[in-house]
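# Notes for the structure review
These are the residues of each chain, in order.
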Amino acid sequence: MRTELMKKAGPHARYASTSTPRFSSGWITELSYHDQQPGMMQMLLLPLLQQLSLESRWQLWLTPAHKLNREWLQQSGLPLEKSMHIAHSDRFSTVEAMIKALRTGNYSVVLAWIHYELNDQERRELEKAAAEGQALGLIMRSSNSVKVASRPANQLKIQSTLFH
C-alpha cells in the first residue's frame, strides 16, 4: 500500500509520509537565508514544502516584486496547480495579506518575504490567523536585510534560488 502511494506521489515522495495531517493549531516561523549559500533552500525548506503539497490545500507565495520561478517549482516536485503567487512590495500589505490568507484555511502554507522585524502586534495577529486556519506561516528574510533585533534571533539561515 505504501509503495503504491509513493508511486502515485512521484519522485519526491521519499521526503513525505503517506499521511499528511493538518497542523493541529497552526504556527508562524521565520527563516533567515543568505543569498551567497546555494543549496540550503533545497536541503531545508523543500522537504517541508513537498510534504505540505500532499495536502489538498494550496501553497501561497507572497513575494517582494519578484516573479516566482515556475521551472524551479516543477523541478522541485511542487505542484503548479496548487501554488499561488502574489507579488507585494509594501510591508503592511504583505503582513495583512498573510493574515487574511492564513485565516481562510485554504492554504497549507503561506510564505511571505518580509524584510523587517515584526512588531508584537503583527506577530500576535499572524499567530492567531495561523491557528484559525490551521496553517503554517513562513516569514522569509534575507540575512542581507537590515535588522533591528528586539528579541534574540531564533532563525534558520537558508539560500533562496526561487526567483529569476
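What counts as what
- Residues numbered from 1 in each chain as written.
- Predicted model: local features only at pLDDT ≥ 70, side-chain atom pairs only at ≥ 80, totals over all residues.
- Heavy atoms only, no water.
- Helix = DSSP H or I, 4+ residues; strand = E, 2+ residues; numbered from the N terminus.
- Buried < 20%, exposed > 50% of the residue type's maximum accessible area, 1.4 Å probe, protein only.
- Contact = heavy atoms within 4.5 Å.
- Salt bridge = Lys/Arg side-chain N within 4 Å of Asp/Glu carboxyl O.
- Phe/Tyr/Trp six-rings, centres within 6.5 Å; stacked < 30°, edge-to-face > 60°.
- Pairing = 2+ DSSP bridges.
- Right-handed = clockwise from strand over helix to strand, strands pointing away.

Across its full length, the protein chain carries six helices and six strands. Ordered by position from N to C terminus, the α and β elements of the protein chain give α-β-α-α-β-α-β-α-β-α-β-β. Within the span of the protein chain, comprising 164 residues, buried residues form 45% of the whole. Residue pairs in contact within the protein chain that sit at least 24 positions apart in sequence constitute 80% of those at least 6 positions apart.

All right, on to the pattern of salt bridges then. Going through the model one piece at a time under the given rule, you end up with five salt bridges. Across the pair E30 and R123 runs a salt bridge whose closest N-O atoms are separated by 2.2 Å. Taken together, the residues E30 in strand β1 (residues 27-33) and R123 in helix α6 (residues 120-133) connect sequence positions 93 residues apart. Residue classification places E30 among the buried positions, given a relative accessible area of 8%. The network of salt bridges with shared partners includes E30, R123 and R141.

Right, let's talk about helix α3 (residues 46-53) for a bit. Among the eight residues in α3, seven count as buried, and that is most of the element. All of the buried residues along α3 are L46, P47, L49, Q50, Q51, L52 and S53.

This part is about unusual backbone geometry. The phi dihedral of Q134 is positive, around 50°, even though this residue is not glycine. Its place among the elements puts Q134 in the loop between α6 and β5 (136-142).

Further remarks concern the packing of aromatic side chains. In the structure shown here, the tally under the stated rule is two aromatic pairs. Note on W61 and W72: the rings are 6.4 Å apart at their centroids and 85° apart in plane angle, and the pair reads as edge-to-face. You can see W61 sitting in strand β2 (residues 58-64) and its partner W72 sitting in helix α4 (residues 70-75), a full eleven residues away along the chain. Both residues of the pair, W61 and W72, count as buried. Centre to centre, the rings of W61 and W113 are 6.3 Å apart; their planes meet at 20°, and the pair counts as stacked. Pair noted here: W61 is in strand β2 and W113 is in strand β4 (residues 107-113), with a separation of 52 residues, a long-range link. Each member of the pair, W61 as well as W113, carries the same accessibility label: buried. Taken together, the aromatic side chains of W61, W72 and W113 make up a single cluster linked through ring pairs.

Buried residues dominate β4, accounting for seven of its seven residues. For β2 and β4, the ladder comprises five bridges, and the chain directions are parallel. Each residue of the ladder has a partner; that of W58, found in β4, is Y107. Note: β4 against β5, five bridges, orientation parallel. Considered in β5, the bridge of V109 is made with L136. Each parallel crossover has a hand, and the one from β4 via α6 to β5 is right-handed.

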